[in-house]
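Chain and residue survey
Given next are the chains, with one letter for each unit.
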Amino acid sequence: MPTYAILGVTGSTGSSLLRYLHERPEKVNINLYARSASKVESLHPYVKTAKNIQSFVGDLSSAELLKDCLRNVDVIFSAVAQNNNEPGCSIARRTAHSIVSALEALRKEEGLSFKCPVLVFLSSASLNPTFAGATPWLLHWVLERGCYYVYGDLKESIEYLKEQSWIPLITAEPPALTQDISRGYELSLHEVMPGISYDDLARGMVQMAEEDGGHKWVGKGVGIKATGNVKINFLPLIWYLVVGLIAYFSPAAWGVLQRAGLNP
Ligand SMILES: NC(=O)c1ccc[n+]([C@@H]2O[C@H](COP(=O)([O-])OP(=O)(O)OC[C@H]3O[C@@H](n4cnc5c(N)ncnc54)[C@H](OP(=O)(O)O)[C@@H]3O)[C@@H](O)[C@H]2O)c1
């Protein structure tokens, strides 16, 4: 049975990935990473008793923890991230560096028997010129600024990962994400629709890793295109963008909102 690692199982993408892989008939072993055991337990109570799931909990920068989590895995789903347009945010870069350090250590330890897992790294359709080119200019203007720091962080982390040519990398590039059930999707290198549910994103990320043993999509930025009628909840998205624009034009005002507990 193959083993998949999911990093960030307490987030929306990571939760959808874990639930989907746990519930579908084709079983795999799962190594999950999170920073809070109690949060994993409350969101995913089945983890306690599932024999095919192992938890690795602690600080993302712990080289040993991540190395143990990634040992002998076939696929890594990286969903440690943030939506909040925090000035100077670096979570994507820190995650990318931690993954590379852990894999380098395993490669050194295992020598010729080391087989590098496929890395499916969560990114965004906005960073893909083909997908972003179809976005109306005003929305593009808002997104570029309202997600400025998050996109900058993602962009740098993906550039860094691409430099590691020994790692088979797939970047998962969804459009606006929404809490909805699976409505149908297809993987595309050419276009995405305005929104996709987290459940379809999870299915799409798993398909990227599994189709042709991962070979079909390695080296590509892959869009998840909705084929059904996704129900988009615009309010949280608008709130993210409003606060993101405040962060872009006035990082100090963003700090005030943060201290007041008003940031999403
Ligand atoms: N929202 C959208 O419409 C949209 C569209 C396209 C692309 N994206 C991209 O999707 C990503 C956001 O994904 P999401 O919505 O699944 O995020 P999310 O729900 O906020 O989940 C983030 C995960 O990362 C973990 N995490 C954050 N900081 C961490 C740290 N310092 N150490 C360890 N774990 C940490 C969180 O753990 P805790 O639970 O412990 O905090 C959580 O498990 C962003 O990169 C964004 O650009 C979003």
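Residues numbered from 1 in each chain as written. Predicted model: local features only at pLDDT ≥ 70, side-chain atom pairs only at ≥ 80, totals over all residues. Heavy atoms only, no water.

1. Details of the sheet that holds strand β2 (residues 29-34)
The 8 strands are arranged β3-β2-β1-β4-β5-β6-β10-β8 in an open sheet whose pairing can be described as mixed. Each edge of the open sheet is held by one strand with a lone partner, namely β3 (53-57) and β8 (185-188). Mean inter-strand twist for the sheet, computed between neighbouring axes without regard to direction, equals 20°. Summarising the sheet, β8 and strand β10 (residues 221-226) pair through 4 bridges and their orientation is antiparallel. By the bridge assignment, E186 is partnered in β10 with K225. Helix α8 (residues 198-210) contacts β1 (3-7), β4 (75-78), β5 (118-122), β6 (169-173), β8 and β10 of the sheet and is inclined by roughly 45° relative to β8. (Pairing = 2+ DSSP bridges. Helix = DSSP H or I, 4+ residues; strand = E, 2+ residues; numbered from the N terminus. Axes fitted to C-alpha atoms, helices over the stretch in contact; angles between N-to-C directions. Contact = heavy atoms within 4.5 Å.)

2. Considerations on the UniProt feature "domain: NAD(P)-binding" (unreviewed entry) in the protein chain
UniProt's feature table lists "domain: NAD(P)-binding" (unreviewed entry) at residues 8-211, given in the numbering used throughout. Taken end to end, residues 8-211 is 44% helix and 17% strand, and its two terminal C-alpha atoms sit 23 Å from one another. (UniProt positions renumbered as here; feature names shortened; annotations may be inferred.)

3. Here we look at helix α9 (residues 234-249)
Between its first and last C-alpha, α9 extends 22 Å over 16 residues, near the 22 Å set by a 1.5 Å rise per residue. Of all the positions in α9, only L241, V243, G244 and A247 are classed as buried. Where α9 is buried, its residues meet α6 (137-146), α7 (148-163) and α10 (251-259). (Expected span 1.5 Å × (residues − 1). Buried < 20%, exposed > 50% of the residue type's maximum accessible area, 1.4 Å probe, protein only.)

4. Comments concerning a nonpolar patch on the surface
The grouping of F234, I238, W239, V242 and L262 at the surface amounts to a nonpolar patch, some 480 Å² of accessible area in total. Positionally, V242 belongs in helix α9. Note on V242: relative accessible area 35%, which makes it partly exposed. (Patch = residues over 30% accessible without salt bridge, like charges linked within 9 Å, V, L, I, M, F, W, Y side chains within 5 Å. Areas by Shrake-Rupley, 256 points an atom, 1.4 Å probe, with all protein chains shown as cover. Salt bridge = Lys/Arg side-chain N within 4 Å of Asp/Glu carboxyl O.)

5. Some points on the packing of aromatic side chains
Under the criterion given, the structure shown has 5 aromatic pairs. On the basis of an interplanar angle of 75° and a centroid distance of 5.8 Å, the ring pair of Y4 and F77 is categorised as edge-to-face. Here Y4 is found in strand β1, whereas its partner F77 is found in strand β4, with 73 residues between them in sequence. According to the relative accessible area criterion, F77 is buried, its value standing at 0%. Residue placement shows R107 over the ring face of W166; its charged tip is 4.0 Å from the ring centre. (Phe/Tyr/Trp six-rings, centres within 6.5 Å; stacked < 30°, edge-to-face > 60°. Lys NZ or Arg CZ within 6 Å of the ring centre and 35° of its normal.)

6. Concerning the environment of A134
Along the chain, A134 turns up in the loop between α5 (129-132) and α6. With relative accessibility at 66%, the residue A134 sits in the exposed group. Considered as a pair, A134 and S61 are 73 residues apart in the sequence and their alpha carbons are 38 Å apart.

7. Quick look at the packing of α6 against α9
Contact pair α6 / α9: the axes reach a minimum separation of 7 Å and the direction vectors enclose 65°. Contacts from W141, V142, L143, R145 and G146 of α6 reach α9 at Y240, L241, G244, L245, Y248 and F249. Each residue belonging to the contact of α6 with α9 can be placed in one class, and the counts come to 8 nonpolar, 2 polar and 1 charged. (Nonpolar A, V, L, I, M, F, W, Y, C, P; charged D, E, K, R; others polar.)

8. Focus: the pairing of β3
Relative to β3, β2 is paired through 5 bridges, and the arrangement is parallel. Note on β3: the bridge partner recorded for A34 is V57. Remark: the β2/helix α2 (residues 37-43)/β3 crossover connection has right-handed handedness. (Right-handed = clockwise from strand over helix to strand, strands pointing away.)

9. A word on α7
In this model, α7 (16 residues) spans 23 Å end to end at C-alpha, consistent with the 22 Å of a helix rising 1.5 Å per residue. Along α7, the residues that are buried comprise Y149, V150, Y151, D153, L154, S157, I158, Y160 and L161. Residues of α7 that are buried in the fold lie against α4 (91-110), β5, α6, β6, α9 and α10.

10. A closer look at the site of the ligand
The environment of the ligand is formed by 26 residues, the closest being T10, T13, K39, L177 and Y198. At 3.1 Å from an oxygen atom of the ligand is found a main-chain nitrogen or oxygen belonging to A81. Y198 is positioned such that a nitrogen or oxygen atom in its side chain is 2.6 Å from an oxygen atom of the ligand. Protein contacts shield 84% of the accessible area of the ligand, which totals 940 Å² for the unbound molecule. Broken down by secondary-structure element, the contributors of at least two residues to the shell around the ligand are α1 (12-23), α4, α7 and β7 (176-178). (Near = heavy atom within 4 Å. Polar contact = N/O pair within 3.5 Å; in protein donor to acceptor, adjacent residues only side chain to side chain.)

11. Quick word on the pattern of salt bridges
As enumerated under the stated definition, the model contains 14 salt bridges in all. Here R24 and E26 are joined by a salt bridge, their closest N and O atoms 3.6 Å apart. Given the relative accessible area of 47%, E26 is considered partly exposed. The partner of E41 in a salt bridge is K48, and the shortest N-O contact between them spans 3.8 Å. Overall, E41 belongs to the partly exposed group, its relative accessible area being 42%. A single salt-bridge network, built from bridges that share partners, covers E64, K67, D68, R71 and E109.

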